[in-house]
Amino acid sequence: MTFSTDIETLAPAADTATDEKAAGRPIPVALISAVTVAAIIGAWAVAASYALVSPVFLPSPRQVVVALYNLVVTGFVDATLAEHVGASLYRIFGALIASILIGIPAGIAIGTSRVGRGILDPIVEFLRPLPPLAYLPLIIIWVGIGEASKITVIALSMLPSIILSTSAGVRSVSKDHVNAARSLGATRRQVLAEVVLPSAVPSILTGVRIALGAGWTTLVAAELVAATSGIGFMIQSAAQFLVTDIVIAGIVVIALIAILLEFLARLIERRLVPWAAHR
Amino acid sequence: MSILTFRNVSLRYPPQPGRKGAGEKRVLDGINLQVASDELVAVIGRSGSGKTSLLNLAAGFLAPSTGTITVDGAPVRGPGADRAVVFQDDALYPWLDARDNVAFPLKLKGVPLGERRARAQALLDRVGLADAGDRNIWELSGGMRQRVGIARALAAEPRFLLLDEPLGALDALTRTRMQEFLLRIKAESGAGALLITHSIEEALLLGTRVVVLSPNPGRLTAEIEAGFNAEVRAGASVAAVKASPIFKRMHAGLTGLIHSGDDEELAA
Ligand SMILES: Nc1ncnc2c1ncn2[C@@H]1O[C@H](COP(=O)(O)OP(=O)(O)OP(=O)(O)O)[C@@H](O)[C@H]1O
Ligand SMILES: [Mg+2]
């Protein structure tokens, strides 16, 4: 389900035709991207090797790779990279499970019952626009500085998208699908379990994917503020000692994990609901 | 033998907020109709005459504003497996394969997995889709999808089949084959059938009885007995039946009835 918003694809056919005649075959987008990345790394390497910027601020790409290697092998602030990443992933998946367990029933309640919507709508609407770090201090007061506070904050940042995608999915169920079940003998419960919920799964999975993105952002931010392990904490500690190569290596790792999570979520969507594209 | 009865049924939709000429819309008025198990009653009428509303009443999706609808004397209070609906755009569940779609009503009844799959397969065999059980719904053609929809309705072992233009979306050739198919399935199932259709030809060919629904408000204005159904089941070819002079005469007569008072073009 990718929509091309590429201005070139949107251009009138005649224009594209003349362009292609002039330029031969069009250059693949992936190639343009690869060249851009190479150019940025190249410029970075040049700037670093001629010491255009102090190495404290900008270590060379080589230094960053070495730092990454050392992170993997020996680690930083009492833990290897794997341990830091493991601590972060533990938090995000713990929070994901909690927010799914709460968010899906809440979304169903909003999507199927007026009372449910009346009760839960204001709570969700209050929570949704709130930056998670705004309530982190309060959560720390309530549940302490340990794992529980971080998991709670991450789960809260994930909840709105899971609740809203569930209720949207529930409401998008086809009327014919519901009526078919009723005319084939389904009870109210069976309509919910056998028709409404399966219809909502694609929307719920989209919500989970968005939630993972939001949760990962919150996680790193929360670890910068209050943690003794985790990838965000690792960066924060490195920054305090001006170990810039580890800071940059950590940022790269955070980006890679975010991309990996997104990729995994899309893979699961394709595996679990191949029919979503054929509705 | 079961009987589905409409007695003095009328239906009004509440006024639509924000629409001009507000006031409730009278869609059906004074409907009296009976469908017995050995019948296939075909309802024809122009678009908007209230055919789907009539079927939705029989299905129990809607409640009549006045009058009563009964099955063997018991009032209809909502949808139920004794009146299985086949929808125009199939309403199959894309998250289930063809076999599990057919097995769906059995699952609702709590039939164990192995048994319901076997019974669904038997139904697929009957509708000529023996090899399609594992296929995804979106991989099936329109005609195959309607067969799955019909098999699913049959799995509920209904006393009545309610068919809302089940063949409306099919091309002419597929449609002819599906008409023969419908006749056979209907006869085998022993269920009564209420068939909504745009096509006078289809109504004449399939119906043991054809009723005409005239719009604004929808009333049953004509009712004729048709015997072509029996001829086809006795082995006559559909093409030959359609070509016979008597078929053509009845077709012309019905066309005149439906179009009386307007020159709007209707389906063949
Ligand atoms: N939910 C509704 N609320 C208000 N008016 C409705 C509603 N459903 C149908 N109508 C109106 O009732 C009339 C009959 O509708 P219905 O769908 O029963 O007609 P139909 O004969 O099945 O038409 P078609 O052949 O186009 O399917 C139409 O004028 C329609 O606009
Ligand atoms: Mg209709």
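Residues numbered from 1 in each chain as written. Chains lettered and ligands numbered in written order. Predicted model: local features only at pLDDT ≥ 70, side-chain atom pairs only at ≥ 80, totals over all residues. Heavy atoms only, no water.

1. Brief notes about the overall build of chain B
Then, number 1: From N to C terminus, chain B includes nine helices and ten strands.
Then, number 2: Its C-alpha atoms give chain B principal-axis dimensions of roughly 55 × 45 × 40 Å.
Then, number 3: Once local pairs closer than 6 in sequence are excluded, the contacts in chain B between residues at least 24 apart make up 69%.
Then, number 4: Between the mean site of the 32 positive side-chain charges and the mean site of the 30 negative ones, chain B shows a separation of 4 Å. (Helix = DSSP H or I, 4+ residues; strand = E, 2+ residues; numbered from the N terminus. Contact = heavy atoms within 4.5 Å. Lys, Arg positive; Asp, Glu negative; His and termini not counted. Charge placed at Lys NZ, Arg CZ, Asp CG, Glu CD.)

2. Quick notes on the interface of chain A and chain B
Then, number 1: Contacts between chain A and chain B engage 19 residues on the former and 22 residues on the latter.
Then, number 2: Together chain A and chain B conceal approximately 1,900 Å² of surface at their shared face, both sides included; 69% is due to carbon and sulfur atoms.
Then, number 3: Here chain A and chain B share one salt bridge between them.
Then, number 4: Where Glu-194 of chain A meets Lys-107 of chain B, a salt bridge forms, and the shortest distance between an N and an O atom there is 3.0 Å.
Then, number 5: Looking at which element gives the most residues to the side of chain A that touches chain B, the answer is helix α9 (residues 175-183) of chain A, with seven residues.
Then, number 6: For the side of chain A that touches chain B, the class distribution of residues is eight nonpolar, seven polar and four charged. (Buried area = accessible area lost by both parts, 1.4 Å probe. Salt bridge = Lys/Arg side-chain N within 4 Å of Asp/Glu carboxyl O. Nonpolar A, V, L, I, M, F, W, Y, C, P; charged D, E, K, R; others polar.)

3. A short note on the sheet that holds strand β6 (residues 83-86) of chain B
All names here are of chain B.
Then, number 1: Taken in spatial order, the six strands line up as β6-β7-β8-β3-β9-β10 in an open sheet, and their pairing is mixed. Looking at strand neighbours, the two that pair on one side only are β6 and β10 (219-225), the edges of this open sheet. Along the sheet, successive strands turn relative to each other by an average axial angle of 20 degrees, direction set aside.
Then, number 2: Sheet strands touched by helix α9 (residues 245-259): β3 (40-45), β9 (209-214) and β10. Its angle to β10, the strand with the most contacts, is close to 175 degrees. (Pairing = 2+ DSSP bridges. Axes fitted to C-alpha atoms, helices over the stretch in contact; angles between N-to-C directions.)

4. Some words on the packing of aromatic side chains
Then, number 1: Summed over all chains, the structure comprises five aromatic pairs over all chains.
Then, number 2: Taking the centre distance of 4.7 Å and the plane angle of 50 degrees together, the rings of Tyr-93 of chain B and Phe-104 of chain B count as tilted. Taken together, the residues span a long stretch of sequence, with Tyr-93 of chain B in the loop between β6 and α2 (98-108) and Phe-104 of chain B in helix α2 at a distance of eleven residues.
Then, number 3: Each ring, one from Phe-228 of chain B and one from Phe-247 of chain B, has its centre 4.9 Å from the other, and the planes form 70 degrees; the classification is edge-to-face. Taken together, the residues Phe-228 of chain B in helix α7 (residues 228-233) and Phe-247 of chain B in helix α9 connect sequence positions 19 residues apart.
Then, number 4: For Phe-228 of chain B, a relative accessible area of 4% gives the class buried.
Then, number 5: Joined through ring pairs, the aromatic side chains of Trp-275 of chain A together with Tyr-93, Trp-95 and Phe-104 of chain B make up one cluster.
Then, number 6: Above the ring of Phe-181 of chain B, the side-chain terminus of Arg-147 of chain B is found at 4.7 Å from the ring centroid.
Then, number 7: Directly above the aromatic system of Tyr-93 of chain B lies the positively charged group of Arg-152 of chain B, at a separation of 5.1 Å from the ring centroid. (Phe/Tyr/Trp six-rings, centres within 6.5 Å; stacked < 30°, edge-to-face > 60°. Buried < 20%, exposed > 50% of the residue type's maximum accessible area, 1.4 Å probe, protein only. Lys NZ or Arg CZ within 6 Å of the ring centre and 35° of its normal.)

5. Considerations on the site of ligand 1
Residues and elements named next belong to chain B.
Then, number 1: The environment of ligand 1 is made up of 14 residues, and the closest members are Ser-47, Gly-48, Lys-51, Thr-52 and Ser-53.
Then, number 2: Note that a nitrogen atom of ligand 1 is positioned 3.4 Å from one of the side-chain N or O atoms of Tyr-13.
Then, number 3: The protein chains hide 66% of the 640 Å² of surface that ligand 1 would expose on its own.
Then, number 4: Where the shell around ligand 1 is concerned, the elements lending two or more residues are β2 (25-36) and α1 (51-59). (Near = heavy atom within 4 Å. Polar contact = N/O pair within 3.5 Å; in protein donor to acceptor, adjacent residues only side chain to side chain. Areas by Shrake-Rupley, 256 points an atom, 1.4 Å probe, with all protein chains shown as cover.)

6. Notes on the domain arrangement of chain A
Then, number 1: Segmentation of chain A into domains returns domain 1 (2-52) and domain 2 (72-278).
Then, number 2: Taking only C-alpha atoms into account, the centre of domain 1 of chain A sits 34 Å from that of domain 2 of chain A. (Domains from an automatic or database assignment.)

7. So, the domain arrangement of chain B
Residue and element names in this part refer to chain B.
Then, number 1: Once the domains are mapped, chain B shows domain 1 (34-82 + 158-175 + 182-268) and domain 2 (92-157).
Then, number 2: Between the C-alpha centres of domain 1 and domain 2 there is a distance of 25 Å.
Then, number 3: At the interface, twelve residues of domain 1 touch ten residues of domain 2.
Then, number 4: For the pairing of domain 1 and domain 2, the buried interface totals around 890 Å² over both sides, and the portion due to carbon and sulfur atoms is 70%.
Then, number 5: Put simply, domain 1 and domain 2 have one salt bridge between them.
Then, number 6: Residue Arg-126 is joined to Glu-188 by a salt bridge in which the shortest nitrogen-to-oxygen separation is 3.2 Å.
Then, number 7: Where domain 1 packs against domain 2, one counts two residue pairs in polar contact (both at pLDDT 80 or more).

8. Examining the environment of Met-250 of chain B
Residues and elements named next belong to chain B.
Then, number 1: Along the chain, Met-250 turns up in helix α9.
Then, number 2: Given the relative accessible area of 22%, Met-250 is considered partly exposed.
Then, number 3: Through-space distance from the C-alpha of Met-250 to that of Arg-147 is 29 Å; in sequence the pair is 103 residues apart.
Then, number 4: Each residue touching Met-250, except ones within four places of it in the same chain, is listed here: Leu-204, Ile-224, Glu-225 and Phe-228.

9. Examining the side chain of Thr-244 of chain A
All names here are of chain A.
Then, number 1: Secondary-structure assignment places Thr-244 in helix α12 (residues 244-272).
Then, number 2: Thr-244 gets classed as buried once you look at its relative accessible area, which sits at 15%.
Then, number 3: A polar atom in the side chain of Thr-244 sits 2.2 Å from the backbone oxygen of Val-56.

10. Considerations on the sheet that holds strand β1 (residues 3-13) of chain B
Residues and elements named next belong to chain B.
Then, number 1: Pairing is antiparallel in the open sheet, where four strands are placed in the order β2-β1-β4-β5. The open sheet is flanked by β2 and β5 (74-75), the only strands paired with a single partner.
Then, number 2: Sheet topology places β1 next to β2; eight bridges connect them, and they run antiparallel. Within β2, the position partnered with Ile-3 by the bridge is Ala-36.
Then, number 3: Along the sheet, α1 makes contact with β1, β2 and β4 (66-71), crossing β1 at roughly 120 degrees.

11. Observations concerning the side chain of Arg-91 of chain A
Residue and element names in this part refer to chain A.
Then, number 1: With respect to the helices and strands, Arg-91 occurs in helix α5 (residues 81-112).
Then, number 2: Residue classification places Arg-91 among the buried residues on the basis of a relative accessible area of 1%.
Then, number 3: Of note is the side chain of Arg-91, whose polar atom sits 3.0 Å from the side chain of Ser-229.
Then, number 4: Those residues in contact with Arg-91, other than ones at most four positions away along the chain, are Glu-147, Lys-150, Ile-151, Ile-154, Leu-219, Glu-223, Ala-227, Ser-229 and Gly-230.

12. Some words on the packing of α5 of chain A against α12 of chain A
Residue and element names in this part refer to chain A.
Then, number 1: Where α5 contacts α12, the two axes come as close as 12 Å, and the packing angle between them is 45 degrees. In this view, α5 runs oblique relative to α12, as classed from their interaxial angle. In this structure, α5 meets α12 at a crossing whose hand is right-handed. Only Val-253, Ile-257 and Leu-261 of α12 make contact with α5, whose side of the interface consists of Leu-81, Val-85, Leu-89 and Phe-93.
Then, number 2: Tallied by class, residues from the contact of α5 with α12 come to seven nonpolar, no polar and no charged. (Parallel < 35°, antiparallel > 145°, perpendicular 65-115°, else oblique. Left-handed = near helix turned anticlockwise from the far one by under 90°.)

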